[in-house]
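Spelled out, the chains give:
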Amino acid sequence: MFRGSSTSTHNKHERARRYKTKEPPKDMAKICSITGKPYEGYGNNAYPFPGRCCDEANIRYVIPARMMNVTPEMVKEWGVAVICRVIDDKLNAA
């Protein structure tokens, strides 16, 4: 296609519209990085875990991990599954 063709112009306008409305790309995988379940909407910042997460994982794991001062380095060293198991154990013991 030529540089000024309508196809490239359409893609440019589509990207600009998504940026302005904060709409995620349609082909973006919306899979929780913690539970592996699909989610709708924008998801949540999963810090200290990598990626984005669903609402359930945010409430069950991310917020408690932040309150326990879990760092990304700890997640890398021990793994997501171990950190989640420790959080579950601590919350169930309370």
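Predicted, not measured: the structure shown is a model, and the values here were computed from it. (Residues numbered from 1 in each chain as written. Predicted model: local features only at pLDDT ≥ 70, side-chain atom pairs only at ≥ 80, totals over all residues. Heavy atoms only, no water.)

A.B. asks: Lay out the overall build of the chain in plain terms, naming residues and giving numbers.
C.D. replies: Tallying secondary structure elements over the chain gives four helices and two strands in all. Going residue by residue from the N terminus, the α and β elements of the chain occur as α-β-β-α-α-α. Counting every position in the chain, which comprises 94 residues, the buried fraction comes to 26%. If you sum the accessible surface of the chain, you get close to 7100 Å²; carbon and sulfur atoms cover 58% of it. (Helix = DSSP H or I, 4+ residues; strand = E, 2+ residues; numbered from the N terminus. Buried < 20%, exposed > 50% of the residue type's maximum accessible area, 1.4 Å probe, protein only. Areas by Shrake-Rupley, 256 points an atom, 1.4 Å probe, with all protein chains shown as cover.)

A.B. asks: Which residues make up the packing of helix α2 (residues 55-67) against helix α4 (residues 80-93), and what values go with them?
C.D. replies: α4 packs onto α2 with a crossing angle of 85° between their chain directions and a minimal axis gap of 10 Å. Put simply, α2 runs roughly perpendicular to α4. Residues Arg60, Tyr61, Pro64 and Ala65 of α2 form the contact with α4, whose participating residues are Cys84, Ile87, Asp88 and Leu91. Its residues assigned to classes, the contact of α2 with α4 shows six nonpolar, no polar and two charged. (Axes fitted to C-alpha atoms, helices over the stretch in contact; angles between N-to-C directions. Parallel < 35°, antiparallel > 145°, perpendicular 65-115°, else oblique. Contact = heavy atoms within 4.5 Å. Nonpolar A, V, L, I, M, F, W, Y, C, P; charged D, E, K, R; others polar.)

A.B. asks: Can you explain the confidence of the model for the chain? Please cite residues and give values.
C.D. replies: For the chain, per-residue confidence averages 84 on the pLDDT scale, and residues scoring 70 or more make up 72% of the total. For the chain, helix α1 (residues 6-21) is the element with the lowest average pLDDT, namely 63, and α2 is the one with the highest, namely 97. (pLDDT = per-residue confidence, 0-100.)

A.B. asks: Tell me about the environment of Ala65, and name the residues and values.
C.D. replies: Structurally, the position occupied by Ala65 is in helix α2. Looking at Ala65, the relative accessible area reads 0%, which means it is buried. Once the C-alpha coordinates of Ala65 and Phe49 are considered, the two residues, 16 residues apart in sequence, prove to be 8.9 Å apart. Ignoring sequence-local partners within four residues, the contact set of Ala65 consists of Pro48, Phe49, Val70 and Ile87.

A.B. asks: I'd like a rundown of a nonpolar patch on the surface, residues and numbers included.
C.D. replies: Together, Met74, Trp78, Val82 and Val86 make up a nonpolar patch on the protein surface, roughly 350 Å² of accessible area in all. One can find Val86 in helix α4. Given a relative accessible area of 39%, Val86 falls into the partly exposed group. (Patch = residues over 30% accessible without salt bridge, like charges linked within 9 Å, V, L, I, M, F, W, Y side chains within 5 Å. Salt bridge = Lys/Arg side-chain N within 4 Å of Asp/Glu carboxyl O.)

A.B. asks: How would you sum up the side chain of Asp88? Please name residues and give values.
C.D. replies: Examined against the element boundaries, Asp88 turns out to sit in helix α4. Asp88 gets classed as buried once you look at its relative accessible area, which sits at 18%.

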